[in-house]
Amino acid sequence: MVCKVCGEKAQVELRARGFALCKAHYLDWFVKETERAIRRHRMLQPGERVLVAVSGGKDSLALWDVLHRLGYQAVGLHLQLGIGAYSERSLEVTQAFARERGLELLVVDLRQAYGFGVPELAQLSGRVACSACGLSKRYVINQVAVEGGFRVVATGHNLDDEAAVLFGNLLNPQEDALTRQGPVLPERPGLAARVKPFYRFSEREVLSYTLLRGIRYLHEECPNAKGAKSLLYKEALNLVEREMPGAKLRFLEGFLDRIQPRLQAAEEVQLRECERCGYPTTGAVCSFCRMWDAVYRRAKKRRLLPEEAEFHPLAPVARLG
Ligand SMILES: [Zn+2]
Ligand SMILES: [Zn+2]
């Protein structure tokens, strides 16, 4: 197996794409392919300031690296979720990455900002941990973007992530979830644009980039992820991919190009301002504020919070790195 570009011994075989590359040409190819995805979907303007949501995992750190190399003003945002040692190590790895490259890192500590981290939220919100966590991430990341004057947020979601979400949404069909999924979600009042420059890369391709670049990332998965449905969906799709290279990409792109536009032709959802925080929602009070109201009610009942404690929707941001 040899590199398609230089004919030297190949380091990465891209079966789904029908070629292989050596280290140097793989690193080149990966960055250029990201640039192509960004241009094709008009995700970012050249040199634009972009908020990169970084967990400390391989995908988000690779994304931060590539966006920085492509000349974007990429500022990192790390959300401290309070999930024990896992969250501590996530922050450490992310901070080390920022420090070594002289990149700006913003940090929001969920427990400091709102009183409770994900473990307590799972007890108090009536939601399971991953649901409360996902809701918190989406909300706080958008809030920091809007308050910080960022037009756009980039996340490290890869092909496996996106294909698994699509697969899940087809197994439990919900039309609005199918309509909303995509590599670019345009900005709206109170909502920063959201882009996923890695959505065409398989998890393995991103990992190869991260390893070949020598990026130090947190290997361990979130302890709450064990048994998550998304892992089952990924396993099923990878089973197909093994026998049919390229199946995952055809699945996702076929949906985005040919099926989703017809769903979107139906009426667009109207957004209004949350009565509590002013951020976009389809109801009167947004699901983030409703979650925290429920958490505070239960926490007071269990005497985990004083009676006079009040939930404030705006999270303080610390500047590190
Ligand atoms: Zn080569
Ligand atoms: Zn709200």
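Report follows, based on the coordinates. Everything numeric in this text was worked out from a predicted model, so none of it was measured. (Residues numbered from 1 in each chain as written. Chains lettered and ligands numbered in written order. Predicted model: local features only at pLDDT ≥ 70, side-chain atom pairs only at ≥ 80, totals over all residues. Heavy atoms only, no water.)

A look at the layout of surface pockets
Empty pockets left among the atoms are what a rolling probe the size of a water molecule brings to light. In this structure, the second largest pocket spans a volume of roughly 390 Å³. Taken together, 19 residues make up the lining of the second largest pocket; nearest its centre are S202, R204, N238, E241 and K248. If you list the elements that add at least two residues to the lining of the second largest pocket, you get β1 (12-14), α7 (159-171), α9 (203-212), α10 (229-243) and α11 (247-264). Residues of the lining of the second largest pocket, tallied by class, amount to 5 nonpolar, 3 polar and 11 charged. (1 Å grid on protein atoms, 1.4 Å probe; cavity = no way out; pocket = protein on both sides within 12 Å on 5 of 7 lines; lining within 4 Å. Points joined across faces, edges and corners; volume = space filled by probe spheres on them. Helix = DSSP H or I, 4+ residues; strand = E, 2+ residues; numbered from the N terminus. Nonpolar A, V, L, I, M, F, W, Y, C, P; charged D, E, K, R; others polar.)

Overview of the coordination of the zinc ion (ligand 1)
Within the protein, C3 (SG), C6 (SG), C22 (SG) and H25 (ND1) serve as the donor atoms for the zinc ion (ligand 1), at 2.0 to 2.3 Å. In this structure, the zinc ion (ligand 1) is surrounded by 4 donor atoms whose angles at the metal cover 98 to 114°, and the resulting shape is tetrahedral. For the zinc ion (ligand 1), the single-chain donor residues occur in sequence as C-x2-C-x15-C-x2-H. Looking at C22, the relative accessible area reads 10%, which means it is buried. Judged by relative accessible area, H25 falls into the partly exposed class, the value being 23%. (Donors = N, O, S within 2.8 Å, 3.2 Å for Na, K, Ca; no water. Tetrahedral: all angles 85-135°; square planar, octahedral: opposite > 155°, others 65-115°. Buried < 20%, exposed > 50% of the residue type's maximum accessible area, 1.4 Å probe, protein only.)

What about the coordination of the zinc ion (ligand 2)?
Ligation of the zinc ion (ligand 2) by protein atoms is provided by C274 (SG), C277 (SG), C286 (SG) and C289 (SG), these donors lying 2.3 to 2.4 Å from the ion. Considering all 4 donor atoms around the zinc ion (ligand 2), the spread of angles at the metal, 101 to 116°, places the coordination shape in the tetrahedral class. Read in sequence order, the donor residues for the zinc ion (ligand 2) give the motif C-x2-C-x8-C-x2-C. Here C277 matches C286 in class, with each residue buried.

Considerations on the nonpolar core
Judged by nonpolar contacts, the single largest core of 100 residues is most densely connected at W64, L67, Y114, F288 and W292. In terms of residues, this core owes the most to one element, helix α6 (residues 129-147), which gives 9 residues. Apart from residues lying up to four places away in sequence, W292 is in contact with L110, Y114, F116, L121 and F311. (Core = buried A, V, L, I, M, F, W, Y, C linked by side-chain atoms within 4.5 Å. Contact = heavy atoms within 4.5 Å.)

So, the pairing of strand β4 (residues 73-80)
β4 sits mainly inside the fold: 7 of its 8 residues count as buried. Relative to β4, strand β3 (residues 49-53) runs parallel, the two being bridged by 5 bridges. If you follow V52 over to β4, its bridge partner there is G76. Each parallel crossover has a hand, and the one from β3 via helix α2 (residues 58-69) to β4 is right-handed. Relative to strand β5 (residues 105-109), β4 is paired through 5 bridges, and the arrangement is parallel. Paired with G76 across the two strands is L105, which belongs to β5. Handedness of the crossover joining β4 and β5 through helix α3 (residues 84-101) is recorded here as right-handed. (Pairing = 2+ DSSP bridges. Right-handed = clockwise from strand over helix to strand, strands pointing away.)

What about the packing of helix α1 (residues 23-40) against α2?
One can describe the packing of α1 onto α2 by two numbers: an axis separation of 10 Å at closest approach and a directional angle of 80°. With respect to α2, the axis of α1 lies roughly perpendicular. Together, F30, V31, T34 and I38 of α1 and V66, L67 and R69 of α2 make up the contact between the two elements. Counted by class, the contact of α1 with α2 contains 5 nonpolar, 1 polar and 1 charged residues. (Axes fitted to C-alpha atoms, helices over the stretch in contact; angles between N-to-C directions. Parallel < 35°, antiparallel > 145°, perpendicular 65-115°, else oblique.)

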